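Fold and contact review
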Amino acid sequence: AQKVTQAQTEISVVEKEDVTLDCVYETRDTTYYLFWYKQPPSGELVFLIRRNSFDEQNEISGRYSWNFQKSTSSFNFTITASQVVDSAVYFCALSESGFQKLVFGTGTRLLVSP
Amino acid sequence: DVKVTQSSRYLVKRTGEKVFLECVQDMDHENMFWYRQDPGLGLRLIYFSYDVKMKEKGDIPEGYSVSREKKERFSLILESASTNQTSMYLCASRWRNEQFFGPGTRLTVL
């Protein structure tokens, strides 16, 4: 069975701090996809990144970076030099090959104060 | 840009009412999904559809039904709304391995 665990319910940081959001997943499949979504106060889910299970290269996009480690079944997300606009709920999700649905973690609320 | 729209951002209904939540996507995607989001539980899949007139139950289908008469439109139906269906409802459409979400409907059942 698929499962995604985001153990951090809420994180509070001060602007310009770096912050890492943890994501641990479980799957029996060898081919799968991992995702991160951002949900700002407006409510709409914004896609951030997709990773397939065969690509363990870390990715950097501006202030965002992702660390995918199959050995620990983790797909962590780091925001460098956080800004107030980063305040949102962040969801990690998993999709197995051949399956249509996404399984979401429970989300991590990030509060960035000035 | 992919556009997924939902008929209402906020909705208030009474217990026992029949409720329709509408979702429309403009990218000719075959797969569409309905989720509900509750604090501490994340997003949970209610129903999804592979194509017109095809549907599959998700993880929490009880108390809900769906309709997909046209490819672009996927409706979620609460036959007899109950207070425990008060939630945020999110619709999505899928292209390859990415899902595109609508803005959500916050439903309150009194």
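Report follows, based on the coordinates. (Residues numbered from 1 in each chain as written. Chains lettered and ligands numbered in written order. Predicted model: local features only at pLDDT ≥ 70, side-chain atom pairs only at ≥ 80, totals over all residues. Heavy atoms only, no water.)

Observations regarding the overall build of chain A
Selection rule: Helix numbering and strand numbering both begin at the N terminus, where a helix is a DSSP run of H or I of at least 4 residues and a strand a DSSP run of E of at least 2. For the exposure calls, accessible area comes from a 1.4 Å probe over protein chains only, and a residue counts as buried if that area is under 20% of its type's maximum, exposed if over 50%, partly exposed in between. For every accessible area listed, the method is Shrake-Rupley and the probe measures 1.4 Å; residues are considered covered only by the protein chains on display.
A count of helical and extended segments in chain A gives zero helices and 12 strands. Scanning chain A from its N terminus toward the C terminus, one meets helices and strands in the order β-β-β-β-β-β-β-β-β-β-β-β. For chain A, the spread of C-alpha atoms along the three principal axes comes to 45 × 25 × 20 Å. Counting every position in chain A, which comprises 114 residues, the buried fraction comes to 46%. When the accessible surface of chain A is totalled, it reaches about 5,500 Å², and 48% of it is carbon and sulfur.

Here we look at the interface of chain A and chain B
Keep this limit in mind: Note on contacts: a residue pair qualifies if any of its non-hydrogen atoms lie within 4.5 Å across the two residues. Note on definitions: buried area is the accessible-area loss of two parts on being combined, 1.4 Å probe, summed for both. Any Lys or Arg side-chain nitrogen located within 4 Å of an Asp or Glu carboxyl oxygen qualifies as a salt bridge. Here a polar contact is taken to be a pair of N or O atoms separated by no more than 3.5 Å, where protein atoms must pair a possible hydrogen donor with a possible acceptor and residues adjacent in sequence count only if both atoms sit in side chains.
The interface is formed by 18 residues belonging to chain A together with 21 residues belonging to chain B. A combined buried area of about 1,700 Å² lies between chain A and chain B, and 52% of that area is made up of carbon and sulfur atoms. Taken together, the connections running from chain A to chain B amount to one salt bridge. E98(B) is the partner of R50(A) in a salt bridge, and the nearest nitrogen-oxygen pair spans 3.6 Å. On the surface where chain A and chain B come into contact, there are three residue pairs in polar contact (both at pLDDT 80 or more). Put simply, the parts of the chain that give the side of chain A that touches chain B at least two residues each are β5 (32–39) and β6 (46–52) of chain A.

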